[in-house]
Amino acid sequence: MLTNNPNFVLNFNQVSAPGFSKHDIIYSSINICRSHNESVRTYRDFKNVNLPGLLDAFNAFDWNLLYSITDSDIALNLFNNRLLDLYNQFVLIREVKPKNNPWFNAQISHAIMERDIAYRVWVSDRTTTNHNQYKRLRNKVTSLINTAKSNYVSNRLSTSNSTKELWGKLKNLNVGKSVENNNKFNNNSDEINNYFASNFTPDTENPSIPSENEYGLKFATINENDVILAIKSIKSNAVGLDEIPLSFIKLLLPSILPAICYIFNLIITSSKFPEAWKAAKVIPIKKKPNDVNLSNLRPISILSALSKVFERILQLQIRDHLENFDLLTQFQSGFRRGRSTTTAMLKVHDDIHSVVDKKGVAFLLLIDFSKAFDRVSHVKLLKKLSDQFLFSRSAVYLIQSYLSKRSQVVVANDRVSAQIPIISGVPQGSILGPLLFSLFINDLPSVLKYCKIHLFADDVQLYFCSNSIPVSQMAQFVNADLLRVFRWSQTNLLPINTSKTKAMFIKRNQLNISLPSLMLGQDRLEYVDKISNLGFIMQDDLEWDSHVNAQCRKIYNGLRLLRLSTSMLSPATKLSLFKSLLLPHFMYGDVLLLNASARAIDRLRVALNCCVRYVFNVSRLARVTHLQPKLLGCHFYDFIKLRSCFTLFNIINSSSPEYLFNKLTPFQSNRVRSYVIPRYNSSHYANTLFVRGICRFNLLPNEIKNIRARSEFRRECLEWFNRRNQQQ
């Protein structure tokens, strides 16, 4: 028996059947009952808010009382209480019972009545005329239902502004995976919260008085424009424990801005983060759908909406400070502008591939820190902010106030746990948390002596490659740096999970050697021939077959879910679904796949053709290559070339990320904007972005290469590729 949910199987066994069969009987009891959920759903009615009355009530309050308060906690409590009163008064709670058939209308009802009458007439008098009349009305009902369904689904999906919103509406239309089981847990909320709390690491030392750093980062007071930009940048409308959603705050703009500015500036000048914003509502998320172990859960903190707005303002000031003084290592790609998992992989992959191309080999290690975000030492982080990143004393005290005396509750199985204090870590789901973690781990590269390193938040890639050093000596160098990393982790109270830390020996030629031991502390690391790395599946021969197979599985799974709604959607709606839900799978890291095998590229082409057949409702055996431009703007192979040119254009025009820009060497001639093609020995390396991609970029006319606007470059480049394709 195969099942994707073991909870459906109540009992199963195998028993003998003496007397009437030589075979055993296998039986099972399966819970296939489906309870009909007739519960009434409640929601806040934002559509029918009396906006003039709300603004009058807001302005009628004497806000001078707020401006006379000098304590951020008291000011915020007064502000929140007033907002919550207005929220409950003007944004009313409504009840709605979900309709089984929301597309049903009076015309269909009337047609069904006519059909049923015709059916009874035909049953009582079975003539050909009566039968034909019944069939005509029956087909009319079917046509009306299909049209109504199609119009309803198309109207619902056409108003979606994001992929997340689109998937949500598809699930409401019963298209897509059910999330019912992902929201149910075998453990209660208190047990889950206690498990999350067990990952915290207490500090072993007391915080020291930070340096004054008179010319360091001092958080500047803000104005109303800063608040508006920060509010617009927050996309989530999740509601924290204060129960005030961001959508309600937006209703009160711009009247509410002076009060928000006063509270924010009061926090900055006093370096005191309000206690009300330190309590987090934690939602456990399953990493794997059917794994019931507590270790399979990831905590996501839901914070106050206004707290996230304030964090965004601090984040922008910190980023500007770091960029102005160049304080972050260039090999940290996590949560930084102009950097991504793709740029990080391009850097590491090209560094290794360029050496392997010269008959070299490489060691690659993926180091896994155990519960890294939960175990950040507050004391050590604050010391680094002061000593390494030149935060002023007042700025350090504000971050200290932000991190200290935090607490969390877990919401699971419709129950809220007891509150538990947070003694370490940065909140997952916050705005500042990822940036603070990047600062905490920023000094890790400085401890290395031999290996190169690249970071993406807590994902650490350590690699050493050479075409002249013996493998045994390379392993000694790697082990020496592994020891340094291990000592750094002990000093910073950030333990490494050696069972999840993997090693890979990368080569293109056939070498019959015994792999040397790589040690991390007292543990020997496991060698693997392929591994998931930043969303890519790397192989020890630098091929991409496994990664392309995984991409195709995601595309086909997405198509399988979308095909359930094929009959209800127009080609235009299906094209929109393709671009929002399936095209990202083709585009993710596509510039890394330039040197993928012909077999792997052909799998992607076949997957794209399946998408074409879905969008335009074409039969399986019909040719569809001529329809590819309607999905991509050009043919599949030109799309790959276009994407490589667009990636190089972004790197060149932004001069970032620096670690990729430095790989490009321009020609000395000012007449052409072209770049030197690196030397290569094998055709495999010749097809990478920094060889074949540069060749394609150099072929572009100068008037296109000199364009500065991204959208214009993409448009002109696309037209140029299409013209070349027609000429050929």
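Residues numbered from 1 in each chain as written. Predicted model: local features only at pLDDT ≥ 70, side-chain atom pairs only at ≥ 80, totals over all residues. Heavy atoms only, no water.

Colleague: Please give an account of the overall build of the chain that cites residues and values.
Modeller: Within the chain one finds 26 helices and 18 strands. In terms of its C-alpha atoms, the chain occupies a principal-axis envelope of roughly 95 × 80 × 75 Å. Within the chain, residue pairs in contact and separated by at least 24 positions form 73% of the contacts whose partners lie at least 6 positions apart. Accessible area for the chain stands at about 37,300 Å²; split by element, carbon and sulfur atoms hold 50% of it. Here the chain carries 90 positive and 56 negative side-chain charges, and the mean point of each set is 9 Å from the other. (Helix = DSSP H or I, 4+ residues; strand = E, 2+ residues; numbered from the N terminus. Contact = heavy atoms within 4.5 Å. Areas by Shrake-Rupley, 256 points an atom, 1.4 Å probe, with all protein chains shown as cover. Lys, Arg positive; Asp, Glu negative; His and termini not counted. Charge placed at Lys NZ, Arg CZ, Asp CG, Glu CD.)

Colleague: I'd like to hear about the environment of Val-460, residue by residue, with values.
Modeller: Examined against the element boundaries, Val-460 turns out to sit in strand 12 (residues 459–466). Classification of Val-460 as buried rests on a relative accessible area of 3%. Taking the C-alpha atoms as reference, Val-460 lies 9.4 Å from Gln-332; in sequence the two are 128 residues apart. Excluding residues within four positions of it along the chain, Val-460 makes contact with Leu-365, Leu-366, Ile-367, Phe-369, Ile-441, Leu-444, Ile-453, His-454 and Leu-455. (Buried < 20%, exposed > 50% of the residue type's maximum accessible area, 1.4 Å probe, protein only.)

Colleague: Provide a residue-level description of the UniProt feature "domain: Reverse transcriptase" (unreviewed entry) in the chain, including the pertinent values.
Modeller: UniProt records the feature "domain: Reverse transcriptase" (unreviewed entry) for residues 266–538 in the present numbering. With 34% helix and 24% strand, residues 266–538 has end C-alpha atoms that lie 50 Å from one another. (UniProt positions renumbered as here; feature names shortened; annotations may be inferred.)

Colleague: Explain the domain arrangement of the chain residue by residue, including any values.
Modeller: For the chain, the assigned domains are domain 1 (102–159), domain 2 (189–330 + 377–436), domain 3 (343–371 + 442–539) and domain 4 (544–727). On a C-alpha basis, the centres of domain 1 and domain 3 stand 66 Å from each other. (Domains from an automatic or database assignment.)

Colleague: Tell me about the packing of aromatic side chains, residues and numbers included.
Modeller: Under the definition given, this model contains 35 aromatic pairs. Of the aromatic side chains, those joined through ring pairs into one cluster are Phe-264, Phe-273, Trp-277, Phe-310 and Tyr-402. Here Arg-44 stacks its cationic end above the ring of Tyr-87, 4.3 Å away from the centre of that ring. Lying across the ring of Phe-616, Lys-630 places its NZ or CZ 5.6 Å from the centre. (Phe/Tyr/Trp six-rings, centres within 6.5 Å; stacked < 30°, edge-to-face > 60°. Lys NZ or Arg CZ within 6 Å of the ring centre and 35° of its normal.)

Colleague: Account for the pattern of salt bridges, with residues named and values stated.
Modeller: The tally for this structure, following the rule as stated, stands at 23 salt bridges. Across the pair Asp-116 and Arg-115 runs a salt bridge, and its minimum N-O distance is 3.1 Å. By relative accessible area, Asp-116 is classed as partly exposed at 28%. Arg-115 sits in the partly exposed class, given a relative accessible area of 23%. Notably, a salt bridge pairs Asp-590 with Arg-643, separated by 2.6 Å at the nearest N-O pair. In this pair, Asp-590 sits in the loop between helix 18 (571–587) and helix 19 (598–616) while Arg-643 sits in helix 21 (residues 636–654), placing the two residues 53 residues apart along the sequence. (Salt bridge = Lys/Arg side-chain N within 4 Å of Asp/Glu carboxyl O.)

Colleague: Provide a residue-level description of a nonpolar patch on the surface, including the pertinent values.
Modeller: Judged by side-chain polarity, Val-15, Ile-25 and Tyr-27 come together as a nonpolar surface patch covering roughly 220 Å² of accessible area. Checked against the element boundaries, Tyr-27 lands in strand 2 (residues 25–30). Classification of Tyr-27 as partly exposed rests on a relative accessible area of 34%. (Patch = residues over 30% accessible without salt bridge, like charges linked within 9 Å, V, L, I, M, F, W, Y side chains within 5 Å.)

Colleague: Talk me through the side chain of Asp-638; I want residue IDs and the actual numbers.
Modeller: As for its position among the elements, Asp-638 is in helix 21. The exposure class assigned to Asp-638 is buried, which follows from its relative accessible area of 9%. In this view, Asp-638 contacts Phe-721 and Asn-725; residues no more than four positions away in its chain are not counted.

Colleague: Lay out the environment of Phe-61 with the relevant residues and their values.
Modeller: Mapped onto the elements of the fold, Phe-61 is located in the loop between helix 1 (51–60) and helix 2 (64–67). The class for Phe-61 is partly exposed, based on a relative accessible area of 21%. The spatial distance from the C-alpha of Phe-61 to the C-alpha of Arg-82 is 8.6 Å, given a sequence separation of 21 residues. For Phe-61, the contacting residues outside a window of four places in its chain are Leu-78 and Arg-82.

Colleague: How would you summarise helix 18 if you had to cite specific residues and measurements?
Modeller: The sharpest bend along helix 18 comes to roughly 40°, located at Lys-579. Listing the buried residues of helix 18 in full gives Thr-573, Lys-574, Leu-575, Leu-577, Phe-578, Leu-581, Leu-582, Leu-583 and Phe-586. Gly-589 lies just past helix 18 and shows a positive phi near 65°. (Bend = angle between axes of the 7 residues up to and from the residue.)

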